[in-house]
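Fold and contact review
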Amino acid sequence: MDLGENVTAVHGPNGSGKTNLTEALYFAFTSRSFRTTDRRDLVPFGGNLARVRVGVTDDDVTHEFMCSYGREEGSRSFLDGAPASREDSSPFRPAITVFSPDRLEIVKGPPAVRRSHLDAFVAARWPSRSGLRSEFGRSLAQRNALLSAVAEGSSSPGQLDTWDLQLATIGAKLASARQEAVSELTPAYRKATLDLGLEGENDLIYRASAGVEASSIAAGLGERRDTDIAARRTTWGPHHDELRLEHDGRQLRRFGSQGQQRLGLLSLMFAERLALVGAGRPVPLMVLDDVMSELDSSRRERLVELLGTGGQSLITAAEGSLIPDSPAVTRVSMLELLDAASRKGSDDPKADG
Ligand SMILES: Nc1ncnc2c1ncn2[C@@H]1O[C@H](COP(=O)(O)OP(=O)(O)OP(=O)(O)O)[C@@H](O)[C@H]1O
Ligand SMILES: [Mg+2]
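Scope of this entry: the structure provided in the associated data block. (Residues numbered from 1 in each chain as written. Chains lettered and ligands numbered in written order. Predicted model: local features only at pLDDT ≥ 70, side-chain atom pairs only at ≥ 80, totals over all residues. Heavy atoms only, no water.)

With that settled, the discussion passes to the overall build of the protein. Secondary structure summary: the protein contains 12 helices and 12 strands in total. In terms of overall dimensions, the protein has C-alpha extents of about 75 × 50 × 35 Å along its principal axes. Split into buried and exposed, the 353 residues of the protein put 45% on the buried side. When contacts within the protein are restricted to residue pairs at least 6 apart in sequence, long-range pairs at least 24 apart make up 69% of them. Surface summary for the protein: the accessible area is close to 17700 Å², and the carbon and sulfur share equals 48%. Of note, the protein has its 43 positive side-chain charges centred 4 Å away from the centre of its 49 negative side-chain charges. (Helix = DSSP H or I, 4+ residues; strand = E, 2+ residues; numbered from the N terminus. Buried < 20%, exposed > 50% of the residue type's maximum accessible area, 1.4 Å probe, protein only. Contact = heavy atoms within 4.5 Å. Areas by Shrake-Rupley, 256 points an atom, 1.4 Å probe, with all protein chains shown as cover. Lys, Arg positive; Asp, Glu negative; His and termini not counted. Charge placed at Lys NZ, Arg CZ, Asp CG, Glu CD.)

In structure tokens, the structure reads:
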């Protein structure tokens, strides 16, 4: 299929393959699914191979991304027909942001989900900081292992000094990056909530529970050392920080309606898109699966209007009537698409779908 220049809206009944289509697009660029961590689920029932090919055109130059997963051969990625790593293809690969009903966990779920989402944004916004999260995770695991060893008497508490300092240093970098990201995102988030009709006061707040200074984190870890040894884990630090989405001073997570939570997540996604564009990156491709449900007709119109302001997006809905009319929208019927694909498949025995 071809995507329209702006908003491509795919509609079709339940089970017709809309989520599969969005997942395929995501897979082509990332060699992952946003729906499952088990790539085996992507292989067609009764088949051996999942394969997606996507062409991306920019200033008349087209690059072809191909990604496959096979039970025997594992994952493979190609750029213009040659095997390519993520790094090889990254200069040509558009950033892709996904909304799916499962991702409402970012708003509704526990703080860890929001931390991880924020860290992914930090990595996309500042590629030089993309290793901070895993570096912090490793350091935390090492300190926790040592806490257990001290509790069992096989190591001395003094050995914790080095690890406290290391954890504090990386933790401070991570917490500062998150804080910087949130202050950059906040004005764009407020603007998006206004555009999408999430009425009221809206705020993004990063609560750096341990602060953003290495010295204060190190001191805090020192004070809690005995507690941590008894618990055999680090009970305090940036891994307990919280990103809050607040609506009229209350957490959207606890008090927001279904529609409000959806608008909150979409606003966050639009804010991220704006921040990346502001940093000189190409406009990310937005893939919004089943985005219209729970939104009233005026919010559905606002969403399409906002998507229409720039960049390409693919949205899906179970009913065509859920997609507002707009010059920005190219409508595609999933059933017609499948019909055309199966006719093409029977005409050309070499077609690989
Ligand atoms: N690995 C697989 N191989 C073949 N078919 C699969 C595989 N995984 C899922 N399916 C089936 O593909 C069909 C399409 O599912 P999909 O989730 O894309 O539908 P949908 O159009 O998004 O529906 P809904 O409107 O309910 O969200 C379903 O019948 C599903 O059971
Ligand atoms: Mg679906």
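A few words now on unusual backbone geometry. The phi torsion at aspartate 59 lies on the positive side, around 50 degrees, for a residue other than glycine. Looking at the secondary structure, you find aspartate 59 in the loop between strand E2 (49–58) and strand E3 (61–70). In the Ramachandran plot, glutamate 294 falls in the positive-phi region, its phi being about 75 degrees despite a non-glycine side chain. With respect to the helices, strands and loops of the structure, glutamate 294 is situated in the loop between strand E10 (285–288) and helix H11 (297–307). Assessed through its relative accessible area of 43%, glutamate 294 is described here as partly exposed.

Buried residues dominate E3, accounting for seven of its 10 residues. Linking two consecutive strands that pair antiparallel, namely E2 and E3, is a turn of two residues; a positive phi of about 50 degrees is found at aspartate 59 within it. Across six bridges, the pairing between E3 and strand E4 (residues 74–79) is antiparallel. Counterpart to methionine 66 in the pairing with E4 is phenylalanine 78. Between E3 and E4, which follow one another and run antiparallel, lie three residues. (Pairing = 2+ DSSP bridges.)

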